[in-house]
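Each chain, letter by letter, is given below.
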Amino acid sequence: AFLEKGTFEEIKSWVPPVKDLHSGTERKGGISMFDASKIVSKQMQDLLFRWDVPAKDSLENSDCIDKIVMQTVDAGIIDEEGKPMLSQVLERVRISSAAFAMFEARNVYNSAYQNWWTLAGEKWQTRLASSDFDHVALTQREVCKFLRNIVI
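Residues numbered from 1 in each chain as written. Predicted model: local features only at pLDDT ≥ 70, side-chain atom pairs only at ≥ 80, totals over all residues. Heavy atoms only, no water.

A. How the structure looks around the packing of aromatic side chains. Tallying each qualifying case throughout the model produces zero aromatic pairs. The side chain of Arg-127 reaches across the aromatic face of Trp-124, ending 5.9 Å from its centre. (Phe/Tyr/Trp six-rings, centres within 6.5 Å; stacked < 30°, edge-to-face > 60°. Lys NZ or Arg CZ within 6 Å of the ring centre and 35° of its normal.)

B. The arrangement of the environment of Ser-58 in detail. Here Ser-58 lies in the loop between α3 (36–48) and α4 (62–74). Residue Ser-58 is classed as buried on the basis of its relative accessible area, which comes to 1%. Sequence separation between Ser-58 and Leu-47 is eleven residues; the distance between their C-alpha atoms is 9.5 Å. Among residues more than four places away in sequence, those in contact with Ser-58 are Ser-41, Met-44, Gln-45, Leu-48, Arg-50, Val-53 and Cys-64. (Helix = DSSP H or I, 4+ residues; strand = E, 2+ residues; numbered from the N terminus. Buried < 20%, exposed > 50% of the residue type's maximum accessible area, 1.4 Å probe, protein only. Contact = heavy atoms within 4.5 Å.)

C. Spotlight on the environment of Asp-79. Along the chain, the position of Asp-79 falls in the loop between α4 and α5 (83–103). On the accessibility criterion, Asp-79 (46% relative accessible area) is partly exposed.

D. Just helix α6 (residues 111–129), in detail. Maximum bend of α6: about 60°, positioned at Thr-118. For α6, the full list of buried residues reads Ala-112, Tyr-113, Trp-116, Trp-117, Ala-120, Gly-121, Trp-124 and Leu-128. (Bend = angle between axes of the 7 residues up to and from the residue.)

E. Structural detail: the nonpolar core. Formed by 26 residues in total, the largest nonpolar core has its most connected members in Leu-59, Ile-68, Leu-90 and Trp-116. For this core, the elements supplying multiple residues, two or more each, are α3, α4, α5 and α6. With seven residues, the top contributor of residues to this core is α6. The residues contacting Leu-90, other than those within four sequence positions of it, are Met-44, Leu-59, Ile-65, Ile-68, Val-69 and Trp-116. (Core = buried A, V, L, I, M, F, W, Y, C linked by side-chain atoms within 4.5 Å.)

F. Just the pattern of salt bridges, in detail. Tallied over the full model, the rule gives three salt bridges. The salt bridge involving Asp-46 is made with Lys-42; its shortest N-O contact spans 2.7 Å. In this pair, Asp-46 and Lys-42 both sit in helix α3, four residues apart, roughly one turn of the helix. Between Arg-94 and Glu-91 there is a salt bridge, with the nearest N and O atoms lying 2.7 Å from each other. Separated by three residues within a single helix, Arg-94 and Glu-91 lie in helix α5, roughly one turn from each other. On the basis of relative accessible area, Arg-94 is assigned to the partly exposed category, the value being 24%. Using a relative accessible area of 28% as the deciding quantity, one classes Glu-91 as partly exposed. (Salt bridge = Lys/Arg side-chain N within 4 Å of Asp/Glu carboxyl O.)

G. Representation of the packing of α3 against α4 in the model. Direction vectors running N to C along α3 and α4 enclose 80°, while the axes themselves pass 10 Å from each other. One finds that α3 runs roughly perpendicular with respect to α4. From α3, Met-44, Leu-47 and Leu-48 reach across to α4, where they touch Cys-64, Lys-67, Ile-68 and Gln-71. A breakdown of the residues in the contact of α3 with α4 according to their chemical character gives five nonpolar, one polar and one charged. (Axes fitted to C-alpha atoms, helices over the stretch in contact; angles between N-to-C directions. Parallel < 35°, antiparallel > 145°, perpendicular 65-115°, else oblique. Nonpolar A, V, L, I, M, F, W, Y, C, P; charged D, E, K, R; others polar.)

By themselves, these are just geometric observations and shouldn't be taken as functional.
In structure tokens, the structure reads:
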């Protein structure tokens, strides 16, 4: 209203809203289009204990997908009936990752990442961040790297 009839003095005394509109969107957990592939890829590496393998190669074959499905069932995140759906979602995540790597395509936020997150990813994120998930399996490469850094 003050723009229609306002005076310069009224404009000078106007106080802007407290909420900063330029700091981006509010985020309360989850994944976004900016970090979905990074978060999901890291989860795949953690679940497969394959930190020596580039994230894009974590789901390189159906054995990897089967391992993640079985771990997810064993952890009680999904039941036996959810296995086929989870396998399909992981296959779609694998295709998205492979397309990005092979064709240097833009790795866009798509429904594959969101489906994984909704079905199991969010629960795995909590589990992986807690002491509830045992990360004791080290690769030979990690052991060698660790041993090289020991000073006697």
